[in-house]
Amino acid sequence: MADNFLLISLILTVLALCNAADRENNLIKNVGKPVPCTCGVFLSGQFKKGTKQEPKGVPVLTEEMDRAFENTPVGVRKCTNKCLETIVTHLPKSAAIICATTDRELVHKERAYLFIKNHSDKWQGTNLSAGREFCCKDNEPYKCPVS
């Protein structure tokens, strides 16, 4: 009878531990909320074009939206479009903004590219750029040389 009691106690202990582990795993899964749509502008020197690698360092510009879009290609497109709506208003003064916010003293003939985060905390490249090169020295823009 003592052997049965010991066996039942052991089984109940294992079940209780498994139950606690399941509850903890469910809490961890529920805490992982989707990352809201976030726009990041990175300079071409911060990433390797044509790869899926994330850019290095911090973006020169960041804008976080109030919500995440669907975790689908359509959601990625919606997030990208929302970022473009925000960024297009700053294009006329983009050189001054980028040069003032970069963490480098010298930027020479680099392009600014849009990356986004949506649902995942990883930057995704959009291949969209400002269409021009930026040159900065001591956080001030200057006209890039032609050659």
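Residues numbered from 1 in each chain as written. Predicted model: local features only at pLDDT ≥ 70, side-chain atom pairs only at ≥ 80, totals over all residues. Heavy atoms only, no water.

Per an unreviewed UniProt entry, the chain goes by the name Follicle cell protein 3C-1 and belongs to Cryptolaemus montrouzieri.

**With respect to the pattern of salt bridges**
With the rule as written, the count across this model stands at 3 salt bridges. Across the pair Lys-78 and Glu-70 runs a salt bridge whose closest N-O atoms are separated by 3.2 Å. The partly exposed category is assigned to Lys-78, whose relative accessible area is 36%. On the accessibility criterion, Glu-70 (31% relative accessible area) is partly exposed. Here Asp-121 and Lys-117 are joined by a salt bridge, their closest N and O atoms 2.9 Å apart. (Salt bridge = Lys/Arg side-chain N within 4 Å of Asp/Glu carboxyl O. Buried < 20%, exposed > 50% of the residue type's maximum accessible area, 1.4 Å probe, protein only.)

**A closer look at the sheet that holds strand S4 (residues 124–137)**
Reading across from one edge, S2-S1-S3-S4-S5 is the order of the 5 strands in this open sheet, with antiparallel pairing throughout. Only two strands of the sheet have a single partner each, and these edge strands are strand S2 (61–64) and strand S5 (140–141). The strands touched by helix H2 (residues 73–87) within the sheet are strand S1 (35–43), S2, strand S3 (106–119) and S4, with S3 carrying the most contacts at an inclination of about 135 degrees. Running at roughly 85 degrees to S4, helix H3 (residues 94–101) makes contact with S1, S2, S3, S4 and S5 of the sheet. (Pairing = 2+ DSSP bridges. Helix = DSSP H or I, 4+ residues; strand = E, 2+ residues; numbered from the N terminus. Contact = heavy atoms within 4.5 Å. Axes fitted to C-alpha atoms, helices over the stretch in contact; angles between N-to-C directions.)

**Thoughts on the pairing of S1**
Among the 9 residues of S1, 9 are classified as buried, and the element is accordingly described as predominantly covered. In the sheet, S1 pairs with S3 via 7 bridges, with the strands oriented antiparallel. Its bridge partner being in S3, Phe-42 is matched across the sheet by Tyr-113. Note that S1 and S2 share 4 bridges and pair antiparallel. Among the inter-strand pairings, Cys-39 is bridged to a residue of S2, identified as Glu-63.

**Observations concerning the state of the cysteines**
Here the structure, examined in full by the defined rule, presents 4 disulfides. Disulfide pairing places Cys-39 opposite Cys-83 at an S-S distance of 2.0 Å. Given an S-S torsion of about -90 degrees, the disulfide between Cys-39 and Cys-83 has left-handed geometry. Taken together, the positions of Cys-39 in strand S1 and Cys-83 in helix H2 put the pair 44 residues apart, joining distant regions of the chain. Each of the two residues, Cys-39 as well as Cys-83, counts as buried. (Disulfide = S-S within 2.5 Å.)

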